[in-house]
Protein chains: 2
Amino acid sequence: MKNDIIQLSHGAGGRQTQRLVSRIFAAAFENPCLDVLNDASVLPWEQDRLVMTTDTYVVTPLFFPGGDIGRLAVCGTVNDLAVMGAMPVYISTGFILEEGFAIADLEKIASSMRQAADEAGAVIVTGDTKVVPKHKGDGVFINTAGIGRLVSEQTISAEQIRPGDAVILTGSVGNHGLAVISARGEFGLKGPLRSDVAPLSGMVQDLLRAGIRIHAMRDATRGGVATVLNELAETAGVSITVNESAVPLSEAVHSACTILGFDPLYVANEGLLVIVLPAGETENALQILRGHKYGSEAVHAGEVHQEANHCVYLKTAIGSRRMLNMRSGEQLPRIC
Amino acid sequence: MKNDIIQLSHGAGGRQTQRLVSRIFAAAFENPCLDVLNDASVLPWEQDRLVMTTDTYVVTPLFFPGGDIGRLAVCGTVNDLAVMGAMPVYISTGFILEEGFAIADLEKIASSMRQAADEAGAVIVTGDTKVVPKHKGDGVFINTAGIGRLVSEQTISAEQIRPGDAVILTGSVGNHGLAVISARGEFGLKGPLRSDVAPLSGMVQDLLRAGIRIHAMRDATRGGVATVLNELAETAGVSITVNESAVPLSEAVHSACTILGFDPLYVANEGLLVIVLPAGETENALQILRGHKYGSEAVHAGEVHQEANHCVYLKTAIGSRRMLNMRSGEQLPRIC
């Protein structure tokens, strides 16, 4: 690997991203606080704890149905905090602008960021701006880092997952990735494809305030629901079966995936949580989620079980079972 | 401005960067916690406070005498915390890798980051990696965000500056910018040009622990010492005079600046602080600074005075006085 070069697949969020992170970054940065299995780290702070996360956004195009890179950059970081059981408090933002970028577009993006932060109850407190020459960047790249306050004493982490747990999906799959692809105009996709990009911290807070026990929670971004489930299964040492007929899927996403040969379970979402929790909590959780505007399609979609090999299975509508492997290639580059 | 496009000068850290930030970002993000006058924000946290900062690094080349983008990315964020009187605790890091980048180089960069973080007593706790296609990036861009703990009850801020205060420079000027330019090989620069990139949190902590009163403190990065002094003078509503003969300047930087027609006071440093403090504190502060490996060249370089127009002056070696204006153009692109 050391003589190797970076490929697009290293950024796809699948197996190759995992390898790059663990072999290069986890090795170099190794310390008790570094959490490479989660999208945010819970950290000691004075007598208390705080949660820190960061994400960089390189989506193309910058504007797509349902959102833009600004909304994405704030929601992504908000959601990484939320899945750790933390409410977003402070957000920093770093811009890399390409020479020639329209300032009017930058203004629209900044306004989207403000709107998303307001919705999440967070404030943007500090920032930085760099400019690179033409063809050394691509319009604008945005990094956001976030600090969150834990709102529950629960440890929410893949290690908490137990056989018998239920898996909830909080929305229909594949909307974000296909909305971005359709905005590129590459495949002539039509129909009402619209990104689900949204701040989910309010919905998570409702669950935690109601005392719902949650074992693990992840937002299913790069690599989609299937990749997240594989990561959870691997870390927890369990297998997970998803019932295909239970997975919410819009007609537009279904058609687009059929045309493009994509599996919607591997397509990125930006407003969808995978929640693993004790089976007995499922009904209460679903009721709360469905009362929230970003959780109206929430479903009980699968189960955790004990098995020697730690795999994710899809139980198809006709009753057969196939494996949802972790993929290593690049299916949809630059969707976030 | 709204119909305008981004130019390289918007990233130079001078007047145009200031305008972009205040007209677009400060306007969109406006909130009581946003601190656009400083490189970090002091924020309420539970019963206490914390400090947050972020910076993105796009330096080219990635490796230069005295450091690399990794050391720079950690030191820059560490120093932005230090100048607020905070010790760095947690650092996040976001990578944008260009397709084709050598993984061996990434490993070197990650190792530099770890070394700089260790030296500063900080830990890298979370990260993110994105990949962009060839010619949509430039090797690697790195964002770091940092959380710091205040080690002093002092308010360190430009507003604290008073006429009669002294100005200290903690090292010789222009080393970083010229080391990067020489590494580009563009101007055939030779000689021992070496970046001063260093984590200054230890040196700042020594000052604060000794009870030295500090009114304002800044690391003189993009735009150099002259730009920082202009920002401080403007915010504080004072004028500042720097004594040219007191400014530490290496023979190599002096020669290179003469060849290139640069004023070293506008060239970026990455290991140099501008400290404004009550005149009576100067000697004690200098003694402490000079005992530190990154402060051995520290000098009392100027004075703050009251004047109707808030300017920065250079008193030359022959006794004349000229203005050091805030510049708006791009002198040295991509030095950080």
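Computed from a predicted model, the values in this text were never measured in an experiment. (Residues numbered from 1 in each chain as written. Chains lettered and ligands numbered in written order. Predicted model: local features only at pLDDT ≥ 70, side-chain atom pairs only at ≥ 80, totals over all residues. Heavy atoms only, no water.)

### Some remarks on the relation of the copies chain B and chain A
Rotating chain B by 180° and translating it 0.0 Å along the rotation axis places it on chain A, where the RMSD comes to 0.0 Å. Such values leave the two copies arranged in the relation of a two-fold axis. No C-alpha of chain B approaches the rotation axis more nearly than that of glycine 137 of chain B, which lies at 2.2 Å. Interface overlap between copies: 100% of the residues of chain B at the interface are likewise at the interface in chain A, consistent with a symmetric, same-surface contact. (Least-squares fit on C-alpha atoms with pLDDT ≥ 70 in both. Contact = heavy atoms within 4.5 Å.)

### Comments concerning the domain arrangement of chain A
Residue and element names in this part refer to chain A. For chain A, the assigned domains are domain 1 (2–150) and domain 2 (158–323). Computed from C-alpha atoms alone, the centre-to-centre distance between domain 1 and domain 2 is 22 Å. For the pair domain 1 and domain 2, the two sides together bury roughly 2,500 Å², of which 55% comes from carbon and sulfur. The interface formed by domain 1 and domain 2 includes 3 salt bridges. A salt bridge links glutamate 119 to lysine 293; the nearest nitrogen and oxygen atoms lie 3.8 Å apart. Run the count over domain 1 and domain 2 and you get 10 residue pairs in polar contact (both at pLDDT 80 or more). (Domains from an automatic or database assignment. Buried area = accessible area lost by both parts, 1.4 Å probe. Salt bridge = Lys/Arg side-chain N within 4 Å of Asp/Glu carboxyl O. Polar contact = N/O pair within 3.5 Å; in protein donor to acceptor, adjacent residues only side chain to side chain.)

### Details of the interface of chain B and chain A
Contacts between chain B and chain A engage 83 residues on the former and 83 residues on the latter. Regarding the contact of chain B and chain A, the summed buried area is about 7,300 Å², with carbon and sulfur atoms giving 67% of it. Our enumeration of links across chain B and chain A arrives at 8 salt bridges. One salt bridge in this structure joins arginine 222 of chain A and aspartate 128 of chain B, with 3.2 Å as the shortest N-O distance. Remark: the boundary between chain B and chain A carries 30 residue pairs in polar contact (both at pLDDT 80 or more). Secondary structure elements with two or more residues in the side of chain B that touches chain A: helix 1 (15–29), strand 1 (40–45), strand 2 (48–57), strand 5 (86–98), helix 3 (103–120), strand 6 (123–132) and strand 7 (140–150) of chain B. Tallied by class, the residues present in the side of chain B that touches chain A amount to 42 nonpolar, 21 polar and 20 charged. (Helix = DSSP H or I, 4+ residues; strand = E, 2+ residues; numbered from the N terminus. Nonpolar A, V, L, I, M, F, W, Y, C, P; charged D, E, K, R; others polar.)

### Things to note about the confidence of the model for chain A
Confidence along chain A averages 94 in pLDDT terms, with 98% of residues attaining 70 or more. Note on the complex model: pTM 0.96, ipTM 0.95. (pLDDT = per-residue confidence, 0-100.)

### Description of the pairing of strand 10 (residues 239–243) of chain A
Residues and elements named next belong to chain A. For strand 10, the tally of buried residues reaches 4 of 5 residues, placing the bulk of the element in the interior. The pairing of strand 10 with strand 12 (residues 299–305) spans 4 bridges and is antiparallel. Bridge pairing in strand 12 places valine 242 opposite glycine 302. Judged from the 4 bridges that link them, strand 10 and strand 13 (residues 312–315) form a sheet pairing that is parallel. Along strand 13, the bridge assignment pairs threonine 241 with tyrosine 313. (Buried < 20%, exposed > 50% of the residue type's maximum accessible area, 1.4 Å probe, protein only. Pairing = 2+ DSSP bridges.)

### Describing the packing of aromatic side chains
This structure, assessed with the given rule, holds 7 aromatic pairs over all chains. Judged by centre distance (6.3 Å) and plane angle (50°), the ring pair of tyrosine 90 of chain A and tryptophan 45 of chain B falls under tilted. Placement of tyrosine 90 of chain A in strand 5 (residues 86–98) and of tryptophan 45 of chain B in strand 1 is noted, with the two residues assigned to different chains. With a relative accessible area of 1%, tryptophan 45 of chain B lands in the buried category. An aromatic cluster is present here, built from Phe25 and Phe29 of chain A together with Phe95 of chain B joined pairwise through their rings. Positioned above the aromatic ring of tyrosine 313 of chain A, the side-chain terminus of arginine 321 of chain A is 3.6 Å from the ring centre. Sitting over the ring of tyrosine 266 of chain A, arginine 327 of chain A keeps its end group 3.5 Å from the ring centre. (Phe/Tyr/Trp six-rings, centres within 6.5 Å; stacked < 30°, edge-to-face > 60°. Lys NZ or Arg CZ within 6 Å of the ring centre and 35° of its normal.)

### As for the sheet that holds strand 8 (residues 166–169) of chain A
Hydrogen bonds along the backbone pair up the strands of a sheet, which may run parallel or antiparallel. Residues and elements named next belong to chain A. The mixed open sheet is built from 7 strands, whose spatial order is 9-11-8-12-10-13-14. Looking at strand neighbours, the two that pair on one side only are strand 9 (216–219) and strand 14 (321–323), the edges of this open sheet. Sheet twist, expressed as the average angle between the axes of neighbouring strands with direction ignored, equals 25°. (Axes fitted to C-alpha atoms, helices over the stretch in contact; angles between N-to-C directions.)

### Focus on the packing of helix 1 (residues 15–29) of chain A against helix 3 of chain B
At their nearest, the axes of helix 1 of chain A and helix 3 of chain B sit 8 Å apart, and the two run at 30° to each other. Overall, the two elements helix 1 of chain A and helix 3 of chain B adopt an arrangement that is roughly parallel. Handedness of the crossing formed by helix 1 of chain A with helix 3 of chain B: right-handed. Residue-level inspection shows Leu20, Ile24, Phe25, Ala28 and Phe29 of chain A of helix 1 of chain A in contact with helix 3 of chain B, the latter providing Ile103, Leu106, Glu107, Ala110, Ser111, Met113 and Arg114 of chain B. Tallied by class, the residues present in the contact of helix 1 of chain A with helix 3 of chain B amount to 9 nonpolar, 1 polar and 2 charged. (Parallel < 35°, antiparallel > 145°, perpendicular 65-115°, else oblique. Left-handed = near helix turned anticlockwise from the far one by under 90°.)

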